[in-house]
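Geometric and topological summary
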Amino acid sequence: MSHTPMGRVAAVAASAALVATGLTVGLGAGTASAAECSQTSHATKQDISTIGVTHTYDKTVSAATASGGTEITYKTVVGTTGIGNPYLNTITDYPPAGFSAPVKATVTVFQLGIPTGQHTFDVTPVPNGAGYKVTSPGWFINSGNPVTLEMTYKVPNNVPVGGAVTSGGIATAGTVGIGTELPNLTACFTGRMANPGEAVTGSLDIGGLGSAEGQLSSTGSVSDVLGDTISNVLKNGS
């Protein structure tokens, strides 16, 4: 028995809807590596270049699990303790191997003005080796005002289900010893299968049927999506 591409889209949509209602089983993925997968890591630097002040570096990924096609954000926070007031002019983020360029990047920094305090700005990252960097003439840092970089990436479709996906580290440059390379300042998430909403949306996109009416939402039931999707697929494929 042959299956048309449209029929396959309907089957995927139906399966996703059934998952949402709990009528299918056996779709879970092994997570043996998850115990070794940490979402965050921390490092400090205190040597002759920091003039007796400790600089701190943290990297965190926004979700413990993610599926292919979704977005995930890596947050890097560069701070200091004591009386040191370095200026940071470059941060490079190293995503996991196989990730494409960031889809969004922001920096949160201290600025004088009205009001004075922490402000968030969109920035444009550029390739830097295996990573992506953002630069400035100098972002001020003191003990109460770190610099925070957030890089958002799209997770590749071939993310391993149940596998640990570990990023690279970071690199920084600036004044008063704030610059360093930290390849082990990593963040990890576990790959997973798409949830019903992601699966239906992705399947409809592949079949050229993506629309607001063809996605799970807070106002549409699974049965409505299933019925409408299959009806439309069969109608278009007949």
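Everything numeric in this text was worked out from a predicted model, so none of it was measured.

Side note on the state of the cysteines
- Under the counting rule described, the total for this entry stands at one disulfide.
- Sulfur-sulfur distance for the disulfide between Cys37 and Cys188 comes to 1.9 Å. With the S-S dihedral at roughly -105°, the linkage between Cys37 and Cys188 falls on the left-handed side. In this pair, Cys37 sits in the loop between α1 (5-21) and β1 (40-45) while Cys188 sits in strand β14 (residues 188-191), placing the two residues 151 residues apart along the sequence.

Points about the sheet that holds strand β10 (residues 147-154)
- Read from one edge to the other, the open sheet built from six strands follows the order β1-β2-β4-β10-β6-β7, with strand pairing classed as antiparallel. Here the strands that pair on one side only, and so sit at the sheet edges, are β1 and β7 (117-122). On average, each strand axis in the sheet is tilted by 15° relative to the strand beside it, whichever way the strands run.
- The pairing of strand β4 (residues 71-80) with β10 spans eight bridges and is antiparallel.

Re the nonpolar core
- Ranked by internal contacts, the top residues of the largest apolar core, which has 30 residues, are Ile72, Tyr74, Leu88, Trp139, Val147 and Phe189.
- If you tally residues by element for this core, the top one is β10, at four residues.

Things to note about the environment of Thr108
- Examined against the element boundaries, Thr108 turns out to sit in strand β6 (residues 104-111).
- Along the sequence, Thr108 and His119 sit eleven residues apart, while their C-alpha atoms lie 5.3 Å from each other.
- Filtering out sequence-adjacent residues up to four positions away, Thr108 remains in contact with Gln118, His119, Thr120, Pro146, Val147 and Thr148.

Observations concerning the packing of aromatic side chains
- Summed over the entire model, instances satisfying the criterion amount to five aromatic pairs.
- For the pair Phe99 and Tyr153, a centre-to-centre distance of 5.9 Å together with 70° between the ring planes defines the contact as edge-to-face. With a gap of 54 residues between them, Phe99 in the loop between β5 (87-93) and β6 and Tyr153 in strand β10 connect regions that are remote in the sequence. The pair Phe99 / Tyr153 is uniform in exposure class, with both members buried.

A word on the side chain of Thr180
- When you line up the elements, Thr180 lands in strand β13 (residues 180-182).
- On the basis of relative accessible area, Thr180 is assigned to the buried category, the value being 18%.
- Apart from residues lying up to four places away in sequence, Thr180 is in contact with Lys45, Tyr57, Ala171 and Thr172.

Notes on the pairing of β14
- Sheet topology note: the strand β3 (residues 65-66)/β14 ladder contains two bridges and is parallel. Within β14, the position partnered with Thr65 by the bridge is Thr190.

A few points about the pattern of salt bridges
- The full count for this structure, using the stated rule, is two salt bridges.
- A salt bridge links Lys59 to Asp93; the nearest nitrogen and oxygen atoms lie 2.9 Å apart. Here Asp93 lies in strand β5 and Lys59 lies in strand β2 (residues 55-61), a separation of 34 residues in the sequence.
- Overall, Asp93 belongs to the buried group, its relative accessible area being 1%.

A closer look at the sheet that holds β3
- Read from one edge to the other, the open sheet built from three strands follows the order β3-β14-β11, with strand pairing classed as mixed. Edge positions in the open sheet fall to β3 and β11 (164-166), since each of these has one partner strand only.
- Here β11 pairs with β14 via three bridges, running antiparallel. Looking at the pairing, Ala164 lines up with Thr190 of β14.

Parameters and conventions
- Residues numbered from 1 in each chain as written.
- Predicted model: local features only at pLDDT ≥ 70, side-chain atom pairs only at ≥ 80, totals over all residues.
- Heavy atoms only, no water.
- Disulfide = S-S within 2.5 Å.
- Helix = DSSP H or I, 4+ residues; strand = E, 2+ residues; numbered from the N terminus.
- Pairing = 2+ DSSP bridges.
- Axes fitted to C-alpha atoms, helices over the stretch in contact; angles between N-to-C directions.
- Core = buried A, V, L, I, M, F, W, Y, C linked by side-chain atoms within 4.5 Å.
- Buried < 20%, exposed > 50% of the residue type's maximum accessible area, 1.4 Å probe, protein only.
- Contact = heavy atoms within 4.5 Å.
- Phe/Tyr/Trp six-rings, centres within 6.5 Å; stacked < 30°, edge-to-face > 60°.
- Salt bridge = Lys/Arg side-chain N within 4 Å of Asp/Glu carboxyl O.

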